[in-house]
Amino acid sequence: MDPTSSSLRWRILRQALINRSDAQCEGEIKRVSRKATQGFNLIPCRQVVVDSSSEEDSREACLCYTIPIPSSPNLYLTQRVDNCSDLNDFEISNRHNIDNTGLVCQWPSEEVLAYFCMSHPDRFRGKRVIELGSGYGLAGLVIAATTEASQVVISDGNPQVVNYIKRNVESNSMAFSDTSVKAMELHWNQHELSELTNMFDIIVASDCTFFKEFHKDLASLIKVLLKANETSEALFFSPKRGDSLDKFLKEIEDIGLHYVITENYDGQVWKRHETLAKGDESWPSYDKNHCYPLLIQITN
């Protein structure tokens, strides 16, 4: 799928629904293509049945993630079920000039990011970490539960998504030991960031380079957040998606940051990629350019 067309889909849909009647909108929303649940299947996941006594509850699902590390706790994430967008979602997206992808599902690159982080706990031990564009917060929660980071901030620009993150942090609070964990609404073009400036050892993010109009702000935010006088890094997991990743990396260079791209960064992830690339019924539409996340390490 053409990445430009995909990006336009979100913007056009967001604008088109704003002034439509509820009945019209409901019909359109039912036809919105949602990201399927296919993924790399690195972290076992199952849906937990909960009582749904209210209309809001019926629009949500609780998923249990079993971290594949001995003695690790299960993580429980509440998120929207598929095909439950409504007009309010797009009104909020329009008001804040943000995309709506964080409400869609747990995206495959997020699972890869979470798996990579839990497989390299020494990289995070004792560090201050922030996740950008977190969605429901899987990677940030996994870091908090498995790596002994000193602090994990799980952020997103969509206030609805941040409410889910807050609930998920609270639901899993017993899994974090001494790690401080909090949710934060953070917009990449935010100007007042004094309390966050040069505060983080590590930034993590997945699938955050898709929308080209956000590249410049995202690159600037990375430079602001990373510690300037100590060793620090940003770890981004992003598919190439046409030229969107290349455009983002040009912004990274222009702002004076450096980057290294690694294609084969984990044996298990690469093995799964090779299986999918040969054709696998679990993900029939798999395409390396659009689906396989490269690891981009960004430093000052």
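Our subject is the structure that appears above.
Here is a short report on the structure shown in this document. (Residues numbered from 1 in each chain as written. Predicted model: local features only at pLDDT ≥ 70, side-chain atom pairs only at ≥ 80, totals over all residues. Heavy atoms only, no water.)

## Here's the deal with unusual backbone geometry
Phi angles above zero are rare outside glycine, and Ser-71 is one such case at about 70°. Mapped onto the secondary structure, Ser-71 falls in the loop between strand 2 (60-66) and strand 3 (74-80). Residue Ser-71 is classed as exposed on the basis of its relative accessible area of 83%. Positive phi, close to 55°, is recorded for Asn-198, a residue that is not glycine. Assignment of secondary structure puts Asn-198 in the loop between strand 6 (180-185) and strand 7 (202-206). Taking relative accessible area as the criterion, Asn-198 reaches 32% and is therefore assigned partly exposed. (Helix = DSSP H or I, 4+ residues; strand = E, 2+ residues; numbered from the N terminus. Buried < 20%, exposed > 50% of the residue type's maximum accessible area, 1.4 Å probe, protein only.)

## Notes on the packing of aromatic side chains
Taken as a whole and assessed by the stated rule, the structure comprises 14 aromatic pairs. For the pair Phe-116 and Phe-237, a centre-to-centre distance of 5.3 Å together with 55° between the ring planes defines the contact as tilted. Taken together, the residues span a long stretch of sequence, with Phe-116 in helix 5 (residues 108-119) and Phe-237 in strand 8 (residues 233-238) at a distance of 121 residues. According to the relative accessible area criterion, Phe-116 is buried, its value standing at 3%. (Phe/Tyr/Trp six-rings, centres within 6.5 Å; stacked < 30°, edge-to-face > 60°.)

## Some points on the sheet that holds strand 3
As summarised here, the arrangement of the three strands in space is 1-2-3, forming an open sheet in which the pairing is antiparallel. One side of each edge strand has no neighbouring strand; the edge strands of this open sheet are strand 1 (45-48) and strand 3. Averaged over all pairs of adjacent strands, the angle between their axes in this sheet comes to 30°, without regard to strand direction. Here strand 2 runs beside strand 3; their pairing, made up of seven bridges, is antiparallel. Bridge pairing in strand 3 links Thr-66 to Asn-74. Along the sheet, helix 6 (residues 138-146) makes contact with strand 2 and strand 3, crossing strand 3 at roughly 165°. Here helix 7 (residues 159-171) sits on the sheet and contacts strand 2 and strand 3; the angle it forms with strand 3, its principal contact strand, is near 155°. (Pairing = 2+ DSSP bridges. Axes fitted to C-alpha atoms, helices over the stretch in contact; angles between N-to-C directions. Contact = heavy atoms within 4.5 Å.)

## Side note on the pattern of salt bridges
Oppositely charged side chains are able to pair whenever their charged atoms sit close together. Within the structure shown, the criterion is met by 13 salt bridges. Salt-bridge contacts for Asp-201 lead to Lys-227; the nearest nitrogen and oxygen are separated by 3.0 Å. Taken together, the positions of Asp-201 in the loop between strand 6 and strand 7 and Lys-227 in the loop between helix 8 (215-225) and strand 8 put the pair 26 residues apart, joining distant regions of the chain. Side by side, Asp-201 and Lys-227 carry an identical accessibility label, which is buried. Of the charged contacts, one joins Lys-240 and Asp-246 as a salt bridge, the two residues approaching to 3.5 Å between their closest N and O atoms. Since its relative accessible area comes to 32%, Lys-240 is described here as partly exposed. A relative accessible area of 41% means that Asp-246 is categorised as partly exposed. Salt bridges sharing common partners tie together Asp-122, Arg-125 and Glu-148. (Salt bridge = Lys/Arg side-chain N within 4 Å of Asp/Glu carboxyl O.)

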